[in-house]
Amino acid sequence: MGGRTKSPRRVSVLKVRGRDKLVLNKQELNSIKQIAYEYPDVEYLYLRENDFDNFDPYIRLTGLKALDLSLNNIQSVAFLWGGTLPTNTGGELALPRLRHLFLTGNCITTLHGLAYLNTLETLALSNNSIASFEGLGSLPNLKVLSLSFNDVQNFKHFPFLPSLASISMQGNPVAASPTYRVMAASVCCAYLNKIDGRRITDGEMDLADCLQGKVAFCITEGFIPTSLDEELVKAEADAFLLELQRQQSIGKPLRLQSISLARADDSPYKGTTPIQGVPIVLKVCLQDMRPTSKSRTDVFHSSCIFPVAFKVSGDPSEVLVTGSMNDWDAPIPLECVVNGADVSFQTYLYLPPGEHEYRYIVDGVEKVSDDRKTMSKYGKGACNYYPVSDIEVPDDQEDRDTILHIRWLRSNDYNGFDLLADFNSLRYTPNEDDVGRCMRCEVLAYEEGNFSSIVFDVTQPVQPGFPTCTRLDIKGDCVEGTLLTAEYDYTGGQEHAQLNMRWIRSSSDGDSDVTPLAEPGGLQYLCSADDVGCNIVVEYSPMRSDWTAGNPVRATSKVVRAANK
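Residues numbered from 1 in each chain as written. Predicted model: local features only at pLDDT ≥ 70, side-chain atom pairs only at ≥ 80, totals over all residues. Heavy atoms only, no water.

Here we look at the packing of aromatic side chains
Step number 1: Counted under the stated rule, the structure contains 18 aromatic pairs.
Step number 2: On the basis of an interplanar angle of 85 degrees and a centroid distance of 5.9 Å, the ring pair of Phe 300 and Tyr 350 is categorised as edge-to-face. Of this pair, Phe 300 sits in the loop between helix 6 (292-297) and strand 13 (306-313) while Tyr 350 sits in strand 17 (residues 342-351), and the two are 50 residues apart along the sequence.
Step number 3: Overall, the relative accessible area of 0% leaves Tyr 350 in the buried class.
Step number 4: Plain terms: the ring middles of Phe 310 and Tyr 358 are 5.3 Å apart, the flat faces sit at 85 degrees to each other, and that makes the pair edge-to-face. Of the two residues, Phe 310 is situated in strand 13 and Tyr 358 in strand 18 (residues 354-362); the sequence distance between them amounts to 48 residues.
Step number 5: Phe 310 sits in the buried class, given a relative accessible area of 3%.
Step number 6: Ring-pair connections join several aromatic residues into one group, and the members of that group are Phe 52, Phe 55 and Phe 79.
Step number 7: The side chain of Arg 440 reaches across the aromatic face of Phe 417, ending 5.5 Å from its centre.
Step number 8: Note that Arg 440 overlies the ring of Phe 456, its terminal NZ or CZ placed 3.7 Å from the centroid. (Phe/Tyr/Trp six-rings, centres within 6.5 Å; stacked < 30°, edge-to-face > 60°. Helix = DSSP H or I, 4+ residues; strand = E, 2+ residues; numbered from the N terminus. Buried < 20%, exposed > 50% of the residue type's maximum accessible area, 1.4 Å probe, protein only. Lys NZ or Arg CZ within 6 Å of the ring centre and 35° of its normal.)

Overview of the side chain of Lys 214
Step number 1: Note that Lys 214 resides in helix 4 (residues 214-219).
Step number 2: Residue class for Lys 214 comes out buried when judged on its relative accessible area of 12%.
Step number 3: If near-sequence neighbours (up to four positions away) are discounted, Lys 214 is found in contact with Ala 237, Asp 238, Leu 241, Asp 457, Val 458 and Thr 459. (Contact = heavy atoms within 4.5 Å.)

Some details on the pairing of strand 23 (residues 417-420)
Step number 1: In this structure, strand 22 (residues 403-411) lies alongside strand 23, joined through four bridges in antiparallel fashion. Bridge assignment links Trp 408 to a residue of strand 23, and that residue is Leu 420. (Pairing = 2+ DSSP bridges.)

Notes on the sheet that holds strand 28 (residues 483-491)
Step number 1: Pairing is antiparallel across the open sheet formed by three strands, whose spatial order is 27-28-31. Edge positions in the sheet fall to strand 27 (468-475) and strand 31 (524-526), since each of these pairs with one other strand and no more. Within the sheet, the average angular offset between the axes of one strand and its neighbour, ignoring direction, is 15 degrees.
Step number 2: Two elements, strand 28 and strand 31, share three bridges in a ladder whose sense is antiparallel. (Axes fitted to C-alpha atoms, helices over the stretch in contact; angles between N-to-C directions.)

Remarks on the sheet that holds strand 25 (residues 438-447)
Step number 1: Taking strand neighbours across the sheet as the criterion, the four strands line up as 23-22-25-26 in an open arrangement whose pairing is antiparallel. Looking along the sheet, the strands with just one partner apiece sit at the ends: strand 23 and strand 26 (450-461). For this sheet, the mean inter-axis angle between neighbouring strands, taken without regard to orientation, is 30 degrees.
Step number 2: For strand 25 and strand 26, the ladder comprises nine bridges, and the chain directions are antiparallel. Bridge pairing in strand 26 links Cys 438 to Pro 461.

Focus on the packing of helix 2 (residues 180-187) against helix 3 (residues 202-210)
Step number 1: Running from N to C, helix 2 and helix 3 point in directions that differ by 60 degrees, and their axes come no closer than 8 Å. Taken together, the axis directions place helix 2 and helix 3 in an arrangement best described as oblique. Both helix 2 and helix 3 take part in a crossing whose hand is right-handed. Here Arg 181, Val 182, Ala 185 and Ser 186 of helix 2 lie close against helix 3, whose contacting residues are Glu 204, Leu 207 and Ala 208. (Parallel < 35°, antiparallel > 145°, perpendicular 65-115°, else oblique. Left-handed = near helix turned anticlockwise from the far one by under 90°.)

Below, the structure written as structure tokens:
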């Protein structure tokens, strides 16, 4: 509102532990220039129910900790930055020590400008017209976020808020979803304990834990699960992420048809949940959308993914192909190619090594040729198969500028991913450092040296492997009076604090008679006179911190000698 600044009818100045608390509610104010000059060190400023449509952007209150501008007509938070919203690198804050900001009941439509506020602990923006989390930055100390009664549709663009303990979203469209509370818990940090003023139940937290990884990632991309059935939610998230990337690849040289991360086919464990020590493999199908003539000559070079030509000769009106390479999903259209009197339908799919089942659909009729005919191992009936083999990479591969590059990343504590150096194949074996983290595998396309596109998949958190002892040795000279030490290597998650190790005396003639020597738990044993002429056996039973026990392993020493020999 323009015009002359109105003087307050009543100014209430309170002292709070020697600090100024200025209360100017319901004063019909539209500027605080005069008051700011009079109280430059104010720490608590209450300006509810006034006539502000902007908070004087030229005012710098460097000591202000709490600002309440609720029930005004504020349209932007640009005043936090001196009137101009910051760039991606931030800017100079007008209120650098602000901890609590109350903007309930204003006319704010966007969260842009609410980033780089590293001291902010409370942010109240209920009853505005905000439609998205876009613009809200990673606020490291934010504990309370109130966005009730806005127009937020989903959790797309939800930022990393590591200290968030309470979030309020009631009255938004997203809060009408039956999965809302679990979604909120899954995208927020471990400190979150209240949603809309109600404590999160153990059941809700257990469900939220099940949604970590790909599902939580998809939720921050706008995905809303329709139910809380774990398997159904995962399937919906798979379909969502695939369609999201398909839409992003429109107009690009390569279009994603299928992508998934799963345990390797040669693993004794089946399923998609990654386990420490069990290899996971990226399966991907990319369709070359360039004209066939260019697809044939200017291939994307890779040591892991290879172009495969699919071709049907003749003059039908439409030819499609589907198969295991795209999970027998929506049929892929082939391009009609006319070369003089010859007419054919063709496409190139980039596929990893393996036998790929397929069937053509010609003018709506499924066709299976006699060449490489088989029965689908996926229960899809008769089909053909195409074997794709690894090929030797030419010496000049690194000099090519149209390539597919593969890389692996591990999730971190900041809702991001860290690159794993020197992992550039389709296969990766999670290790101890990966337990509790999500793995992400990306395929980056470069055309003529320029970045073109990226496709990826994300796993659930890596689960600890089965408790296993991979090495057990006895160190020390087997002589009476000498100390023997057990050395071992353990894998399978966090080892239990209670070491399950025991020492046994065994007769040297191979007799099955054994004698326990000490209480379980010790890594060392002192050879005695009674051990002379016998072997010492150490047995270790690996155990995880959750009491899951692995298979016991034994190591046997040489025959113990007398001390004078």
